[in-house]
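Chain residues, written in single-letter form:
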Amino acid sequence: MNAGNSSGIWRSIWHEPETGHVRIIDQTRLPHSLETRALKTLADACAAIRDMRVRGAPLIGVTAAFGVYLALRENPASLPSAIDQLRATRPTAVNLCWALARAQRALAGTQESGIAGRALRFAVELAAADAACCAAIGEHGGGVLRGIWQQKNRPDEPLRVLTHCNAGALATVEWGTALAVIHKAAASGIPLHVWVDETRPRNQGAALTCWELRRAGIDHSLIVDSAAGHAMASGLVDVCVTGSDRVSAAGDVCNKIGTYPVALAASDNALPFYVALPVSTIDFDWPSMATPIPIEERDAAEVSQATGIDVNKSETRIRQYPEQTPIRNFAFDITPARLVTGIITEHGVFEANQNSLVALAGDDHRGRVSRMVKP
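Residues numbered from 1 in each chain as written. Predicted model: local features only at pLDDT ≥ 70, side-chain atom pairs only at ≥ 80, totals over all residues. Heavy atoms only, no water.

**A closer look at the overall build of the protein chain**
- Helices and strands together make up the secondary structure of the protein chain, namely twelve helices and 16 strands.
- With the principal axes as the frame, the protein chain shows a C-alpha extent of 65 × 60 × 45 Å.
- Sorting the 375 residues of the protein chain into buried and exposed places 55% on the buried side.
- A sequence separation of at least 24 residues applies to 73% of the contacts in the protein chain between residues at least 6 apart. (Helix = DSSP H or I, 4+ residues; strand = E, 2+ residues; numbered from the N terminus. Buried < 20%, exposed > 50% of the residue type's maximum accessible area, 1.4 Å probe, protein only. Contact = heavy atoms within 4.5 Å.)

**Quick look at the confidence of the model for the protein chain**
- Scored by pLDDT, the protein chain has a mean of 92; 94% of the residues are at 70 or more.
- With pLDDT under 50 throughout, residues 3-8 is counted as low confidence; its partners more than four residues away or in other chains account for six contacts.
- For residues 364-375, every residue scores under 50 in pLDDT, and the model assigns this stretch 20 contacts once sequence neighbours within four places are set aside. (pLDDT = per-residue confidence, 0-100.)

**Side note on the side chain of Arg-298**
- As for its placement among the helices and strands, Arg-298 is situated in the loop between β11 (282-283) and α10 (301-304).
- Overall, the relative accessible area of 17% leaves Arg-298 in the buried class.
- Here the side chain of Arg-298 touches Glu-296 through a polar contact of 2.7 Å, side chain to side chain.
- Engagement of the side chain of Arg-298 in a polar contact is seen with the side chain of Glu-302, the distance being 2.7 Å. (Polar contact = N/O pair within 3.5 Å; in protein donor to acceptor, adjacent residues only side chain to side chain.)

**Some points on the environment of Met-232**
- As for its placement among the helices and strands, Met-232 is situated in helix α8 (residues 228-233).
- C-alpha separation for the pair Met-232 and Pro-158, spaced 74 residues apart in sequence, amounts to 15 Å.
- Excluding its chain neighbours within four sequence positions, the residues that come into contact with Met-232 are Leu-162, Val-237, Cys-240, Val-262, Ala-265, Ala-266, Asn-269 and Leu-271.

**Looking at helix α6 (residues 178-187)**
- Along α6, eight of the ten residues are buried, which leaves the element largely enclosed by surrounding structure.
- Positive backbone phi, at 100 degrees, marks Gly-189, one or two positions downstream of α6.

**Notes on the nonpolar core**
- Ranked by size, the top nonpolar core spans 41 residues in total, and within it Ile-13, Phe-66, Val-68, Leu-72 and Leu-86 carry the most contacts.
- For this core, the elements supplying multiple residues, two or more each, are β2 (22-25), α1 (42-50), α2 (57-74), α3 (79-87), α4 (94-107) and α5 (112-152).
- By residue number, the principal contributor to this core is α2, which donates twelve residues.
- The residues touching Phe-66, leaving out its near neighbours within four places in the chain, are Ile-13, His-15, Val-22, Leu-120, Ala-123, Val-124 and Ala-127.
- Grouped together as the second largest cluster of nonpolar side chains are 31 residues, Leu-162, Val-247, Ile-282 and Phe-284 included. (Core = buried A, V, L, I, M, F, W, Y, C linked by side-chain atoms within 4.5 Å.)

Structure (structure tokens):
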């Protein structure tokens, strides 16, 4: 694994100076096998994002930045084409377009003779910034969990946290977003038990979040998605924390399919529902959920087929439903801001509304977002 990590956990993506390649953890091989894969070309980077060998909004953005470098290493004049190809890989996670726009600005005016080197420096700097950002998210969110644990006033009992999908180091460069909150809380001495939603159909909770928590030695239990409401109603959950792939200027949260029912159940049981994310995941060009955004629909085979290890310890892929079964495989849903207790960022914890989030908008967005805020 990359020896240059700062968190003591691992890095999900890194540059190999000796080869010039970019190396990733192949998340499609987890949890049964920890394998890395070299990205040597723009096509490799596009395939890694599209086929979910890398996934999670922050990591998709960083991978795209490295994809720009790989493209320019092959052809220094290929920037416009590379941007277009990378942008087309995944339509919903906003960090992809955010990272590509930043790469374009960073490379503007650069001579072709030095553009690949500049692109590499930008990608490496973006990866380092993401790692630091996620560590800060963890610190702010760890404070939130400490406050909830202290209010519980039962120091001998663990704080019980429910999460959905995977928002750990595998979804970012290091640490994660929602799992950074959990890691930092655990490191500060708070006893924890994490309820992990399976997260159908790709089972990122089961395959990835449980794998990360097991490696970290954090107590956890896997449950099917439809059991989350039962766990809350049964008094087994104290707080919910998830990540996000896109947040509107009004605080609506687009995240992995199944997040909205978790937020509904949390509201019905008077439980806090927090979302942890970098500011780069807030799309200030998306006013609110009243304005439609692209919701990715993925291959029906993700629902109709399953991969696992058989009794002979061989990987096997099986069909679960007849080929004639019509399937719609929605990858994301949107949770209204009214169901979100707070948004945990690298700059602190904010309310899920325009008046609060406008403080995070950059100069190019702040004026327009302010005009959207109703007095």
